[in-house]
Amino acid sequence: HQQNRLAVLYFDDELLAGCGATIDDTEGLVNLPLGAREVVAVALFKRQPDGSYRVSLRSKGDVDVRSVAKRWHGGGHKNAAGLTLTGPYDQLKSDLIAAMGQAIVSAPSEW
């Protein structure tokens, strides 16, 4: 998304079980896309048993993901933040992509 500058990841317990994985196997997953030169921000959606989504945000450089998380009462640091969302996944994903896009274009260009 955002001209290959934003990676969006998703998983749930069903996907983990289908792969024979556990939640521990996902440790660090959110950081992997940042290794790509073009990617400056990542959003990882993890569907919770109650139907909500725990979202981890990561970025590099001056992309402020904390400001994105705060829009939904989340928190964290400039380059690592998190939040919880409820509602239909497609709408949540669209809204978060728009907010992350604003954070990307607001950051001084380093790339």
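Everything below is about the structure printed above this text.
The following paragraphs examine the structure supplied in this document. All of these numbers come straight from a predicted model, not from anything done at the bench.

1. Quick notes on the pairing of strand 5 (residues 80-85)
And then number 1: Relative to strand 5, strand 3 (residues 53-59) is paired through 6 bridges, and the arrangement is antiparallel. Along strand 5, the bridge assignment pairs Y53 with L85.
And then number 2: Hairpin geometry of strand 4 (residues 75-77) and strand 5 is characterised by an intervening segment of 2 residues between the two adjacent antiparallel strands.

2. Brief notes about unusual backbone geometry
Trans is the common state for peptide bonds, and a negative phi is the common state for residues other than glycine.
And then number 1: One non-glycine residue with positive phi stands out, namely Q2, at about 50°.
And then number 2: With respect to the secondary-structure elements, Q2 resides in the segment before strand 1 (6-11).
And then number 3: The class for Q2 is partly exposed, based on a relative accessible area of 26%.
And then number 4: The phi torsion at H73 lies on the positive side, around 65°, for a residue other than glycine.

3. Some details on the side chain of S52
And then number 1: Considering the arrangement of structural elements, one finds S52 in the loop between strand 2 (41-47) and strand 3.
And then number 2: At a separation of 2.6 Å, a polar atom in the side chain of S52 contacts the side chain of D50.
And then number 3: Residues within four places of S52 in sequence aside, it is in contact with K46, R47, T84, L85 and T86.

4. Details of the packing of aromatic side chains
Here the distance between the centres and the angle between the planes together describe a pair of aromatic rings.
And then number 1: Counted according to the given criterion, the structure contains 5 aromatic pairs.
And then number 2: Both rings, one in Y10 and one in Y53, keep their centres 6.4 Å apart while their planes meet at 50°; by these two values the pair is tilted. With a gap of 43 residues between them, Y10 in strand 1 and Y53 in strand 3 connect regions that are remote in the sequence.
And then number 3: Accessibility expressed as a relative area gives 32% for Y10, which makes it partly exposed.

Conventions and cut-offs
Residues numbered from 1 in each chain as written. Predicted model: local features only at pLDDT ≥ 70, side-chain atom pairs only at ≥ 80, totals over all residues. Heavy atoms only, no water. Pairing = 2+ DSSP bridges. Helix = DSSP H or I, 4+ residues; strand = E, 2+ residues; numbered from the N terminus. Buried < 20%, exposed > 50% of the residue type's maximum accessible area, 1.4 Å probe, protein only. Polar contact = N/O pair within 3.5 Å; in protein donor to acceptor, adjacent residues only side chain to side chain. Contact = heavy atoms within 4.5 Å. Phe/Tyr/Trp six-rings, centres within 6.5 Å; stacked < 30°, edge-to-face > 60°.

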